[in-house]
Every structure is written in structure tokens, then in C-alpha cells.
Amino acid sequence: RHRETSGGGSHHPLRVVQVSSGREHESHLNQGVLDAAKKGEPSPHEYADSKRALLLWTSVRAQSLAFKGNVFVHAANPGRVDTRLGLYWIPYWLWALTKPVRLLLLRPVAEGALVVAAAGLNRQAAGKFGHYLGGAQKKEDLVVWRMPDKQLSVALVRWASQVTALPARSGGRPLSEIG
């Protein structure tokens with residue numbers, strides 16, 4: 001319903017931008033890690049694995065969502081952003097002392113958010129699907145470049161559908177009808 005226009009009830013394309021990370025390359029995600037996750041066992045590389053999983057999910061689902069539901073899915077890497085993630089790994093007093101270094105090396109959170117938003121607001125974002133963007137630059141076409149990972153990607157999508165119960169929650173209706 002949120003995509004209906006006030007006039008004729010036609011749908012505007014929906015643009016979805018997944019937030020990725022440069023740490024994706026550190027991932028060890030494979031079928032064994034997926035099997036362990038099914039059992040509730042954590043991975044030693046959870047953050048990197050989760051970011052790679054987003055890219056693999058996008059590589060498989062972007063095309064079908066665009067054709068079936070008029071939903072255009074992309075991924076964007078905002079670059080190195082000064083989030084509070086590091087705060088939980090070191091004492092607060094030490095975190096405060098790192099502020100000058102963080103100012104020099106990292107983007108402010110608002111700037112990182114703008115990079116991600118710009119990826120979705122780009123005019124081409126509603127005409128193409130499955131792009132991985134780093135800032136305003138296209139890093140890769142996920143649908144094409146992640147083809148060697150297709151078997152793992154499909155297994156990941158199947159696993160994600162099971163654990164989220166998305167097909168059951170949507171009542172089997174096409175994505176374009178879910179409001």
C-alpha cells in the first residue's frame with residue numbers, strides 16, 4: 001500500500017539498499033557455516049559473514065524481486081564510518097582518547113548514511129538491480145559477479161526463508177500484493 005500513488009493506484013518501484021561493509025572479504029561463509037548456524041552455533045567471523053550473506057542474498061533475489069514485485073535491491077558500502085561498534089570492545093576512557101584519530105580516519109555517521117541513501121535515490125536504482133556500490137561508484141554487478149557462489153547463495157536464501165518464515169507470513173501472495 002505504501003507504494004500506491006494517489007491517482008490511479010499504480011505502483012512506484014520500491015528501492016531497497018542493503019548496508020554492506022568492506023569487511024565482507026574477511027568472511028569464511030560456506031555451507032559448513034550455514035549448517036552450524038542452523039544449529040545455533042556462532043561463527044568466529046559473524047560480522048563479515050553477515051555482510052557477505054547480504055551480498056549473496058542480493059545476488060540471487062535482486063533479479064526475481066525486480067521482475068515479480070517491482071522491487072529493486074542493491075547493496076552499498078558507506079566506507080569507514082565512525083560507529084560506536086568499537087566502544088564495546090575497549091574501555092570507555094580509551095574510546096574517548098581515540099576521538100582525534102577517528103576524526104582523521106573515519107567518516108561521520110551522517111555522511112555514511114547519506115552514501116547509502118544516495119544509492120537508493122539515484123535515478124538508475126529503479127531501472128537496474130543487484131548493484132554493489134561503494135560511494136557513488138559501482139563496485140560490481142552482484143548478479144553476474146557472484147555467479148560462482150550461486151550454489152551457496154541459493155542455499156543461503158533457502159535457509160533465510162526458513163528461519164524468517166517469510167513465505168508463511170506472506171500467505172503465499174506475490175510480493176507486489178503484500179502491503
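Our structure is the block above this text.
An account of the accompanying structure is given in this report. Note that residues are indexed from 1 along each chain, following the sequence as it is written. Where totals are concerned, whole chains, interfaces and linings use all residues; where local detail is concerned, this predicted model gives features only for residues with pLDDT of at least 70, and gives and counts side-chain atom pairs only at 80 or more. The side-chain numbers reported here are obtained from all heavy atoms of the structure, hydrogens and water having been left aside.

Runs of E in the DSSP output that reach at least two residues are strands. Runs of H or I that reach at least four are helices, and both are numbered from the N terminus. Within the element layout of this structure, R107 appears in the loop between α4 (99-105) and α5 (109-121). Look at R107 and you get partly exposed, because its relative accessible area is 27%. Sequence separation of R107 and P78 is 29 residues, and the distance between their C-alpha atoms is 8.7 Å. Contacts were defined at the residue level, with two residues in contact if any of their heavy atoms lie within 4.5 Å. When sequence neighbours within four positions are dropped, the list of residues in contact with R107 reads P78, R80, V81, D82 and V115. Relative accessibility thresholds used throughout: buried, under 20% of the residue-type maximum; exposed, over 50%; partly exposed, between the two (1.4 Å probe, protein chains only).

Salt bridges are counted wherever a side-chain nitrogen of Lys or Arg sits within 4 Å of a carboxyl oxygen of Asp or Glu. Under the defined criterion, the tally for this structure stands at 8 salt bridges. The partner of E111 in a salt bridge is R107, with the nearest N and O atoms 3.5 Å apart. Among the charged side chains, a network of salt bridges with common partners joins E24, E140 and R146.

Two elements in contact, helix α1 (residues 31-38) and helix α7 (residues 150-164), have axes separated by 10 Å at closest approach and are oriented at 10°. With respect to their mutual orientation, α1 and α7 come out roughly parallel. For the pair formed by α1 and α7, the contact residues are Q31, L34, A37 and K38 on the first element and L152, A155, L156 and W159 on the second. To get an axis, a line is fitted to the C-alpha atoms, and for a helix only the part in contact is used. The angle between two axes follows their N-to-C directions and goes from 0 to 180 degrees. We call two directions roughly parallel when the angle between them is under 35 degrees, roughly antiparallel when it is over 145, roughly perpendicular when it lies between 65 and 115, and oblique otherwise.

A separate point is the layout of surface pockets. Within this model, the largest pocket holds a volume of roughly 830 Å³. S21, Y47, V81, T83 and L85 are, among the 33 residues lining the largest pocket, the residues nearest its centre. Every element with two or more residues in the lining of the largest pocket is listed here: α2 (46-69), α4 and α5. Cavity and pocket criteria rest on a 1 Å grid covering protein atoms alone: a 1.4 Å probe that fits but cannot get out defines a cavity, protein on both sides within 12 Å along at least 5 of 7 lines defines an open pocket, and an atom within 4 Å of a point defines a lining residue. Grid points are joined across faces, edges and corners, and a volume is the space filled by probe spheres set on the points.

Time to look at a nonpolar patch on the surface. Residues qualify for a patch when their relative accessible area is over 30% and they have no salt bridge, like charges being joined within 9 Å and the nonpolar side chains of Val, Leu, Ile, Met, Phe, Trp and Tyr within 5 Å. Note on areas: these come from Shrake-Rupley sampling with a 1.4 Å probe, and a residue is covered only by the protein chains present in the view. A grouping of Y47, L85, Y88, W89, I90, W93, L94 and L97 is seen on the molecular surface, where their side chains present a nonpolar patch of about 940 Å² in accessible area. Considering every element that reaches the nonpolar patch, the biggest residue donor is helix α3 (residues 92-97), with 3 residues. Note that W89 resides in the loop between β2 (71-77) and α3.

This next bit is on α5. For α5, which comprises 13 residues, the first-to-last C-alpha distance of 18 Å matches the rise-based estimate of 18 Å (1.5 Å per residue) to within 8%. Those residues of α5 not exposed but buried are G112, V115, V116, A119 and G120. Projected onto a plane normal to the axis of α5, the buried residues spread over an arc of 140° and lie on a single side. For α5, exposure combined with an orientation more than 90 degrees from the buried face picks out A110, L114 and L121. Its buried side turned inward, α5 meets β1 (14-19), β2 and β3 (131-134). Here, expected helix span is obtained from the residue count minus one, scaled by 1.5 Å. Regarding the arc, it is the one traced by the directions from the helix axis to the C-beta atoms.

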